[in-house]
Amino acid sequence: MNVKIAENWKPFLKEEFNKPYFENLSNFVKNEYSSNTCYPKRSEIFNAFNLCDLTNLKVVIIGQDPYHGEGQAHGLCFSVPEGIAQPPSLINIFKEINSDLHISAPKSGNLERWAKQGVLLLNATLTVRAHHAGSHQNKGWEQFTDTVISKISQEKEKIVFLLWGGFAKKKATLIDKTKHCILTSGHPSPLSANRGYWFGNKHFSETNDFLKKNGLNTINW
């Protein structure tokens, strides 16, 4: 696996790329992409980092797995490329933004504009086999992305971490809550949202309130 990652992330993560587990992970990913249809495209595996400048990092949103349907995944959690129908979780994210900030839902589900404002849209697992949810879990990606979260916690300050759902909430143990803002709620998927665990969390206004309070530019959601 050729690691195509933005220059300012390279020194931050260099040690990880040289570890034995990452070599094993790279071999696994190469074999999977050679013998199966996998998502996202190889060139988009590290999109979360390539579209979010480390020096401008303000918010981290943690997802679990890339979308495994054709054309959906492009390296940013919850996001889909232009022209692809918005998945149910993303529809519920936009509904909460509308309720919280009175911003109309966009036609496009592409969240690159968030990434470019300093939102790291990080899935715990960065690749998946087509139509097989969770197929690339427990191969090393989680060790890599847990390290990313830990290093951000250690080396940055005043980052907002949005942890949605049980899986993401477990990542709170990697984050220094004395330096950062951690907001948790249920997952935006219909199963969770329709039970009252998502809507009304006001995470988008709370994120901007925290950024503003700390003299940082807010996010245009």
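This text gives an overview of the structure that appears in the document. The structure presented is a predicted model; accordingly, all values stated were derived computationally and were not measured. (Residues numbered from 1 in each chain as written. Predicted model: local features only at pLDDT ≥ 70, side-chain atom pairs only at ≥ 80, totals over all residues. Heavy atoms only, no water.)

1. A few points about the overall build of the chain
Phase 1 of the analysis: Helix and strand content of the chain: nine helices and six strands.
Phase 2 of the analysis: Projected onto the principal axes, the alpha-carbon positions of the chain cover approximately 45 × 35 × 25 Å.
Phase 3 of the analysis: Each of the 221 residues in the chain was classed as buried or not, and the buried ones make up 52%.
Phase 4 of the analysis: Contacts in the chain between residues at least 24 apart in sequence constitute 65% of all its contacts with a sequence separation of at least 6.
Phase 5 of the analysis: Taken as a whole, the chain presents about 10400 Å² of accessible surface, with 48% of it coming from carbon and sulfur.
Phase 6 of the analysis: Charged side chains of the chain number 26 positive and 20 negative; the gap between the two group centres comes to 2 Å. (Helix = DSSP H or I, 4+ residues; strand = E, 2+ residues; numbered from the N terminus. Buried < 20%, exposed > 50% of the residue type's maximum accessible area, 1.4 Å probe, protein only. Contact = heavy atoms within 4.5 Å. Areas by Shrake-Rupley, 256 points an atom, 1.4 Å probe, with all protein chains shown as cover. Lys, Arg positive; Asp, Glu negative; His and termini not counted. Charge placed at Lys NZ, Arg CZ, Asp CG, Glu CD.)

2. Re the nonpolar core
Phase 1 of the analysis: Counting residues in hydrophobic clusters, the biggest one holds 67 residues, and the most contacted among them are Trp9, Phe49, Trp114 and Leu120.
Phase 2 of the analysis: A total of six residues in this core trace back to one element, the largest contributor, which is helix H2 (residues 20-35).
Phase 3 of the analysis: Non-local contacts of Phe49, meaning those with residues more than four positions away in its chain, are made with Ile5, Ala6, Trp9, Leu13, Leu120, Leu122, Leu126, Phe144 and Val148. (Core = buried A, V, L, I, M, F, W, Y, C linked by side-chain atoms within 4.5 Å.)

3. Observations regarding the sheet that holds strand E2 (residues 59-63)
Phase 1 of the analysis: The strand order E3-E2-E5-E6 describes an open sheet built from four strands, whose pairing is parallel. In the strand order of this sheet, the two ends are held by strand E3 (119-123) and strand E6 (181-185), each with one partner. With strand direction ignored, the average angle separating the axes of adjacent strands in the sheet is 20°.
Phase 2 of the analysis: Here helix H9 (residues 203-213) sits on the sheet in contact with E2, strand E5 (160-164) and E6, set at roughly 165° to E5. (Pairing = 2+ DSSP bridges. Axes fitted to C-alpha atoms, helices over the stretch in contact; angles between N-to-C directions.)

4. Comments concerning the layout of surface pockets
To locate leftover empty space, one rolls a probe as large as a water molecule over the atoms.
Phase 1 of the analysis: The volume enclosed by the largest pocket comes to roughly 490 Å³.
Phase 2 of the analysis: Lining the largest pocket are 29 residues, with Gln64, Asp65, Tyr67, Phe78 and His187 positioned closest to its centre.
Phase 3 of the analysis: Elements represented by at least two residues in the lining of the largest pocket include exactly E2, helix H4 (88-101) and helix H7 (165-169).
Phase 4 of the analysis: No other element matches H7, which puts four residues into the lining of the largest pocket.
Phase 5 of the analysis: Its residues assigned to classes, the lining of the largest pocket comprises 13 nonpolar, 15 polar and one charged. (1 Å grid on protein atoms, 1.4 Å probe; cavity = no way out; pocket = protein on both sides within 12 Å on 5 of 7 lines; lining within 4 Å. Points joined across faces, edges and corners; volume = space filled by probe spheres on them. Nonpolar A, V, L, I, M, F, W, Y, C, P; charged D, E, K, R; others polar.)

5. Structural notes on the packing of aromatic side chains
Phase 1 of the analysis: Using the criterion set out here, one finds 19 aromatic pairs in the structure.
Phase 2 of the analysis: When the centroid spacing of 6.2 Å and the interplanar angle of 85° are considered together, the rings of Tyr21 and Phe22 count as edge-to-face.
Phase 3 of the analysis: When the ring of Trp164 is compared with that of Trp198, the centres are 4.8 Å apart and the planes differ by 80°; the resulting orientation is edge-to-face. Taken together, the positions of Trp164 in strand E5 and Trp198 in the loop between helix H8 (190-193) and H9 put the pair 34 residues apart, joining distant regions of the chain.
Phase 4 of the analysis: Of the residues examined, Trp164 reaches a relative accessible area of 2% and is grouped as buried.
Phase 5 of the analysis: Owing to a relative accessible area of 0%, Trp198 belongs among the buried residues under this scheme.
Phase 6 of the analysis: Each residue in the set Trp9, Phe12, Phe17, Tyr21, Phe22, Phe46, Phe49, Trp141 and Phe144 is aromatic and connected to the rest through ring pairs, giving one cluster.
Phase 7 of the analysis: Geometry around Phe12 places Lys151 over its ring, the cationic atom sitting 5.2 Å from the centre. (Phe/Tyr/Trp six-rings, centres within 6.5 Å; stacked < 30°, edge-to-face > 60°. Lys NZ or Arg CZ within 6 Å of the ring centre and 35° of its normal.)

6. Some points on the environment of Ala133
Phase 1 of the analysis: With respect to the helices and strands, the residue Ala133 is situated in the loop between strand E4 (128-129) and helix H6 (141-155).
Phase 2 of the analysis: Its relative accessible area of 58% is what places Ala133 among the exposed residues.
Phase 3 of the analysis: Note: C-alpha distance between Ala133 and Gly186 (53 residues apart in sequence) is 20 Å.
Phase 4 of the analysis: Dropping the residues within four chain positions of it, Ala133 is found in contact with Asp65, His68 and Val128.

7. Details of the pairing of E5
Phase 1 of the analysis: Most of E5 is tucked away: five of the five residues are buried.
Phase 2 of the analysis: Pairing between E2 and E5: four bridges, direction parallel. Each residue of the ladder has a partner; that of Ile62, found in E5, is Leu163.
Phase 3 of the analysis: Inspection of the sheet shows E5 paired to E6 by five bridges, in the parallel sense. Residue Trp164 lies in a different strand from E6, and its bridge partner there is Ser185.

8. With respect to the packing of helix H1 (residues 10-17) against H6
Phase 1 of the analysis: At a closest axis distance of 11 Å, the pairing of H1 and H6 adopts a crossing angle of 140°. Classified by the angle their axes make, H1 and H6 are oblique. Note that H1 runs across H6; the crossing there is right-handed. The residues of H6 that touch H1, namely those facing Phe12, Leu13, Glu16 and Phe17, are Phe144, Thr147, Val148, Lys151, Ile152 and Glu155.
Phase 2 of the analysis: Residue classes in the contact of H1 with H6 are distributed as six nonpolar, one polar and three charged. (Parallel < 35°, antiparallel > 145°, perpendicular 65-115°, else oblique. Left-handed = near helix turned anticlockwise from the far one by under 90°.)

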